Amino acid sequence: MMNKTVRFSLMLVGWLLAFGAWAQSPPSSYEIVFDTPEPTNFDGVPGFGNNYPSSNTYNLRFGQRPPGDPPAVNARVQRFDYDGNTFTRVLPVGPGDTPFDRVVINRVNNSFVDYEKVTAFFCQPEELPGTVPSGTTVYFNCGYVDSMEALVNSFVLNRGSDNLFANDNSVTLNNIERVDMILDSGLGSVDPSLTGFLLMERGGNDNFKMAAITSLDENGEAASLGPLITADHVGNPGSVWGATELNIRSTVFQSVESGDEPLLRPSQNLSPQPIAGTYISYADLQIPPGQAVFGVALFPGDVDESMDLLGLAGVPLDTDGNSNSTGGLDFMAG
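Residues numbered from 1 in each chain as written. Predicted model: local features only at pLDDT ≥ 70, side-chain atom pairs only at ≥ 80, totals over all residues. Heavy atoms only, no water.

A. Broad picture of the overall build of the chain. Each helix and strand in the chain was counted, giving two helices and 19 strands. For the chain, the residues scored as buried account for 56% of the 334 residues in total. In the chain, 79% of the contacts between residues at least 6 apart in sequence involve partners at least 24 apart. Carbon and sulfur atoms make up 47% of the accessible area of the chain, which totals about 13100 Å². (Helix = DSSP H or I, 4+ residues; strand = E, 2+ residues; numbered from the N terminus. Buried < 20%, exposed > 50% of the residue type's maximum accessible area, 1.4 Å probe, protein only. Contact = heavy atoms within 4.5 Å. Areas by Shrake-Rupley, 256 points an atom, 1.4 Å probe, with all protein chains shown as cover.)

B. Main features of the sheet that holds strand 3 (residues 40-46). The strand order across the open sheet built from three strands is 3-4-9, with neighbouring strands paired in mixed fashion. Each end of this open sheet is capped by a strand with a single partner; those strands are strand 3 and strand 9 (137-140). Strand-to-strand twist in this sheet, taken as the mean axis angle between neighbours without regard to direction, amounts to 20 degrees. As paired elements, strand 4 (residues 57-62) and strand 9 share four bridges and run parallel to each other. Considered in strand 9, the bridge of N59 is made with T137. (Pairing = 2+ DSSP bridges. Axes fitted to C-alpha atoms, helices over the stretch in contact; angles between N-to-C directions.)

C. Quick look at the pattern of salt bridges. On inspection of all chains with the given rule, the structure shows nine salt bridges. Put simply, D35 and R76 hold a salt bridge, and the shortest N to O gap is 2.5 Å. With a gap of 41 residues between them, D35 in strand 2 (residues 28-35) and R76 in strand 5 (residues 74-82) connect regions that are remote in the sequence. Since its relative accessible area comes to 18%, D35 is described here as buried. A salt bridge links D69 to R65, with the shortest nitrogen-to-oxygen separation between them at 3.9 Å. The partly exposed category is assigned to D69, whose relative accessible area is 36%. The exposure class of R65 is partly exposed, given its relative accessible area of 26%. By sharing partners, the salt bridges in this structure join D35, R76 and D97 into a single network. (Salt bridge = Lys/Arg side-chain N within 4 Å of Asp/Glu carboxyl O.)

D. Inspection of the confidence of the model for the chain at higher detail. Across the chain, the average pLDDT comes to 87, with 88% of residues at or above 70. Ignoring residues within four places in sequence, the model shows residues 1-23, a span with pLDDT below 50, making 93 contacts including any to other chains. (pLDDT = per-residue confidence, 0-100.)

E. Structural view of the sheet that holds strand 10 (residues 159-161). Read from one edge to the other, the open sheet built from six strands follows the order 10-8-16-17-12-19, with strand pairing classed as antiparallel. With one partner strand each, in any of the chains shown, strand 10 and strand 19 (331-332) form the two edges of the open sheet.

F. Geometry of the environment of L157. In this structure, L157 sits in the loop between helix 2 (148-152) and strand 10. Look at L157 and you get buried, because its relative accessible area is 0%. Linking L157 and N74, residues 83 residues apart in sequence, is a C-alpha distance of 7.3 Å. For L157, the contacting residues outside a window of four places in its chain are I32, A75, R76, V77, M200, L246, I275 and M332.

G. Highlighting the nonpolar core. If you look at the biggest cluster of nonpolar residues, it comprises 66 residues, and the most contacted ones within it are V179, M181 and L298. Per-element accounting of this core gives the leading share, five residues, to strand 17 (residues 264-281). For M181, the contacting residues outside a window of four places in its chain are F100, R102, V103, V152, I213, F294, G295, V296, L298, F331 and A333. Within the second largest apolar cluster, 13 residues are counted, among which are A222, M307, L312 and V315. (Core = buried A, V, L, I, M, F, W, Y, C linked by side-chain atoms within 4.5 Å.)

H. Broad picture of the pairing of strand 4. As paired strands, strand 3 and strand 4 are joined by five bridges and run antiparallel to one another. Across the sheet, residue F42 finds its bridge partner in strand 4, namely L60.

I. Representation of the packing of aromatic side chains within the structure. Scanning the model with the defined rule gives 16 aromatic pairs in all. Aromatic side chains F42 and Y144 sit 5.0 Å apart centroid to centroid with 65 degrees between the ring planes, which places their arrangement in the edge-to-face category. You can see F42 sitting in strand 3 and its partner Y144 sitting in the loop between strand 9 and helix 2, a full 102 residues away along the chain. Residue F42 shares its accessibility class with Y144, and that shared class is buried. An aromatic cluster of three or more residues is present, and its members are F42, F62, F122, F140, Y144 and F253. Over the ring of F121 we find R202; its NZ or CZ atom is 4.4 Å from the centre of that ring. (Phe/Tyr/Trp six-rings, centres within 6.5 Å; stacked < 30°, edge-to-face > 60°. Lys NZ or Arg CZ within 6 Å of the ring centre and 35° of its normal.)

J. Quick look at the environment of T278. Position of T278 among the secondary structure elements: in strand 17. Expressed as a C-alpha distance, the spacing of T278 and W241, which sit 37 residues apart in the sequence, is 4.8 Å.

K. Examining the pairing of strand 17 more closely. Alignment of strand 12 (residues 196-202) against strand 17, held across seven bridges, turns out to be antiparallel. Paired with F197 across the strands is I280, a residue of strand 17. Sheet topology note: the strand 16 (residues 242-255)/strand 17 ladder contains ten bridges and is antiparallel. Looking at the pairing, G242 lines up with G277 of strand 17.

Put into structure tokens, the structure is as follows:
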């Protein structure tokens, strides 16, 4: 039997795809395409610490590679297989090329972070020493963005967020408690098994929880949520995370609260890791036929249904960033 090809509009919802029972099998056979990013230069940027001491300064080159190397690229998924079907992007890369109408980052201050911090990673094409000397020019093989919203609301796979929900016990800490990926007009489906969301992660080994956004308030923010579901990948990462053939060496960045621009500073160099995807259908989210979904809300692994998931009062503020079960998600929407 030949596989069916499903075509869809990424300008509306990201991926509109077929999906069976969640956690039966991962996406596979990804086709990765590349486009040329805009170069961005910053000179004399202080380090954040760790591999880049704060007493040192660095020359940062985004969307560029060292002289003599091939050009830098942004990597994106063009096609993949799931459950006997092939899913193909139909719109070209261009302005406004985002999976969602917007992303809202919901924060609750904790004992470590009380500002709108950015924790990011960018693909780094060359292996660097454990401690990078002051004055070094460092290259990053992807385009530059400087907000959590832009990192999440993107199809680019060789950059993303680092330890998105970590509050404690991590080199990278933040105060993010929920990420809302919003579709203003909503989208229903006559068959909830045939519509859903492809989510991408560096490593393909972390847990998260999520719920459908079932209505928006007058400000266009999440007003109600569907049932909370758990993506339990720990100990069985191959069950739902399907690795692409893209492996990246990355540098982690963290932002400081104030100072000279850019506030995003290099922090830590990581060994190569795979980029992987998982797929969640409306059926997995327990959305009945015809009900509109206005996006999805993403949570750390330590929340539960008894908590105030909209107001975020009483949610844990000590989420372990060193745990695959709770706060270690290195996320990009996909």
